[in-house]
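A closer look at the structure
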Amino acid sequence: MTLRLYDTATRSVRDFVPKTPGQVGIYLCGLTVQSVPHIGHLRSGVNYDVLRRWLLHTNHEVTFVRNVTDVDDKILDKACVQGRPFWAIAYANKLVLDADYRGLNVLPPTYEPLATGHMLEMHELIGELIERGHAYPAAGGNGDVYFAVPSYSEYGALSGQNPDDMRPPTDGGEPDKHDYRDFALWKGVKADEPADASWPSPWGRGRPGWHIECSAMARRYLGDEFDIHGGGLDLTFPHHENEIAQSRSAGLPFARYWVHNALLNLGEAKMSKSLGNVIDIAAVQAMGIRLVELRYYFGTPHYRSRIDYSDDALREAAVAYRRIEGFVHRAAEVVGPGRPKDVPPAFAAAMNDDLNTSAALAVVHDTIREGNTALANGDEAGIRGALTAVRAMLGVLGLDPLDEAWTGGATVGSDLKPVVDALVKLALEQRAQARARKDWSAADSVRDQLKNAGIQVEDTPAGPRWTVGEH
C-alpha cells in the first residue's frame, strides 16, 4: 500500500511519492527558544516522529531536519528585560527542549541547524532575491531588506489568504516599505536591542527576519527541492506562506508536500506563553503522569485533529496505556520479549491512510484482547504472536514498554529497586502464607497495604506479579 498524506498546498490527501525512491527529506519548523517548551509545542515533535518512524519501518532512508530559532524579537525582548545575553536565554531553553524530546522518546534529528549558524546562507538567498527583483534594501540605508509581496503572483495560495484583503496597520507601519504587505528578510540594528544581536551583511549589520531562516536552512541541508515540510497549523500563515514566496521567487522548487499538525488547546485558545495558558512537562509529571503516557495522549487523536486539553483526558489516556503496558509485561513473562518485526495489515492500512494513529491504536487494542484470551487459555503460540505484533506496532508509535528509552535509563531512586523488590517479595510471601491457611482477612490486608504504598498486585498463573501504579 502507498502512504497517503494530506497536503495543505492542494487541500487534498495525496499519494506520497518521494523525489528520490526510497529516500525522504523532511524539514520540520522547530521552536523559537524564548522560553521552556510547553506540551503544545511538544505535540508537533511527537507527531512528526511518528511519521518518521513509519517511513523508516517501510524501508525509507529519512533525512530529518528540525531547526531551532535562537535569535528572534521575543528572545531579544527577554534579554533586555532580564539583563542576560540573548544567546544564554536561548541556550538554556534549548537544553530543556532537548531533555523533553529525549524524555518523550523523540528520535534526534539528522540535523538540527541553529539560525545563528547560517547567516551566510541567508545572505546568499537574500542577494538572489534582490537580483531577481523580488526584494529591496530600505531606501533609508538603515540595513533593512524587505521581500516585495506583490512581485510573487501566487502569494496566499498555501493558506488561502487573499493579499487584496490584507489591511494596512493602523499605526502607519514601517515607512521604508514599498507595500505594507512586504515582510523583512534582514533587520538592521535597532537602538533598543542588545548590541551583540547583530551580524555583518552586505546591507549593514543586523539580524535575519524569521521567515528567511527556514528557507535558507532547508536549502542548505535538503537541497533546492525536498519532500515534506512540516509544522503546526498556526505556522501556515504568515510563516510558511512567506517561506514559499521567498524560495519560489529565488527559483527553488522547495517542498513537494506541506503537512501541518493541529494545535493543542487549553480552553478555547491554543496553548501559548503569551496568553499564559501553558502546561509544561514538570506540571504533567507532578500529576503522576509518566512521559510515555503523555506520548500516548499525543498519539491517540489524528495529527490533524485539535486536542482540547483536560487533566481528566490525560489521566484516561494514562490508564489506557497502562493496560497496554500490562499485557506486554504479562506476555513477556510467559514467552519472553520476542523479536517484533511485521505489523498487522490493518495497522499498516491505518498508518498509510494519512497517519491515522487513532485507527492504528484500535488495532493495537484488538490484538491485545486476543493476547489476553491466549494468556487466559495458556496458548503460548497465541501469546507470542500477539506480543510480537503489539510490540511491532508500538515500536512504530514510539510506545513499546520494552524499548530502552522507557526502561534503560537510570531514574531517580533506581538504586533502591533491589531493596523495594525484596520488601515486596517478603510481603507477598506473608500474603501467600495467609492464603494457604485461609486467613483471607490477613491476605487482603497485605494486598491493601501494598496498594496504599503504590504497589499493584496481580495474581497470574505464574504467581503474583507486582507493578508500581494502578493498572
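Our subject is the structure that appears above.
All values reported here derive from a predicted model rather than from experimental measurement.

Observations regarding the packing of aromatic side chains
One pass over the full model with this rule turns up 12 aromatic pairs. For the pair Tyr296 and Tyr321, a centre-to-centre distance of 5.9 Å together with 50 degrees between the ring planes defines the contact as tilted. Of the two residues, Tyr296 sits in helix H8 (residues 291-299) while Tyr321 sits in helix H9 (residues 311-335), which places them 25 residues apart along the sequence. With respect to burial, Tyr296 and Tyr321 carry one shared label: buried. For the pair Tyr297 and Phe298, a centre-to-centre distance of 6.2 Å together with 45 degrees between the ring planes defines the contact as tilted. For the pair Tyr297 and Phe298, a shared accessibility class is recorded, and that class is buried.

Focus on the pairing of strand E3 (residues 23-28)
Taking burial as the measure, the 6 residues of E3 include 5 buried ones, the bulk of the element. Two strands pair when backbone bridges link them, and E3 and strand E4 (residues 61-66) are joined in this way by 6 bridges, in the parallel orientation. For Gln23, the partnering residue across the bridge sits in E4 and is Glu61. Here E3 pairs with strand E9 (residues 225-232) via 3 bridges, running parallel. Bridge pairing in E9 links Leu28 to Gly230.

What about the pattern of salt bridges?
Applying the stated criterion to the full structure yields 26 salt bridges. Residue Arg295 pairs with Asp49 through a salt bridge whose shortest N-O separation is 2.7 Å. You can see Arg295 sitting in helix H8 and its partner Asp49 sitting in helix H1 (residues 39-57), a full 246 residues away along the chain. Across the pair, exposure class does not vary: Arg295 and Asp49 are buried alike. A salt bridge links Arg290 to Glu325; the shortest N-O distance between them is 2.8 Å. Taken as a pair, Arg290 in the loop between helix H7 (281-286) and H8 and Glu325 in helix H9 lie far apart in primary sequence, 35 residues in all. For Glu325, a relative accessible area of 9% corresponds to the buried category. Connected via shared salt-bridge partners are Arg66, Lys94, Asp98 and Glu112.

Parameters and conventions
- Residues numbered from 1 in each chain as written.
- Predicted model: local features only at pLDDT ≥ 70, side-chain atom pairs only at ≥ 80, totals over all residues.
- Heavy atoms only, no water.
- Phe/Tyr/Trp six-rings, centres within 6.5 Å; stacked < 30°, edge-to-face > 60°.
- Helix = DSSP H or I, 4+ residues; strand = E, 2+ residues; numbered from the N terminus.
- Buried < 20%, exposed > 50% of the residue type's maximum accessible area, 1.4 Å probe, protein only.
- Pairing = 2+ DSSP bridges.
- Salt bridge = Lys/Arg side-chain N within 4 Å of Asp/Glu carboxyl O.

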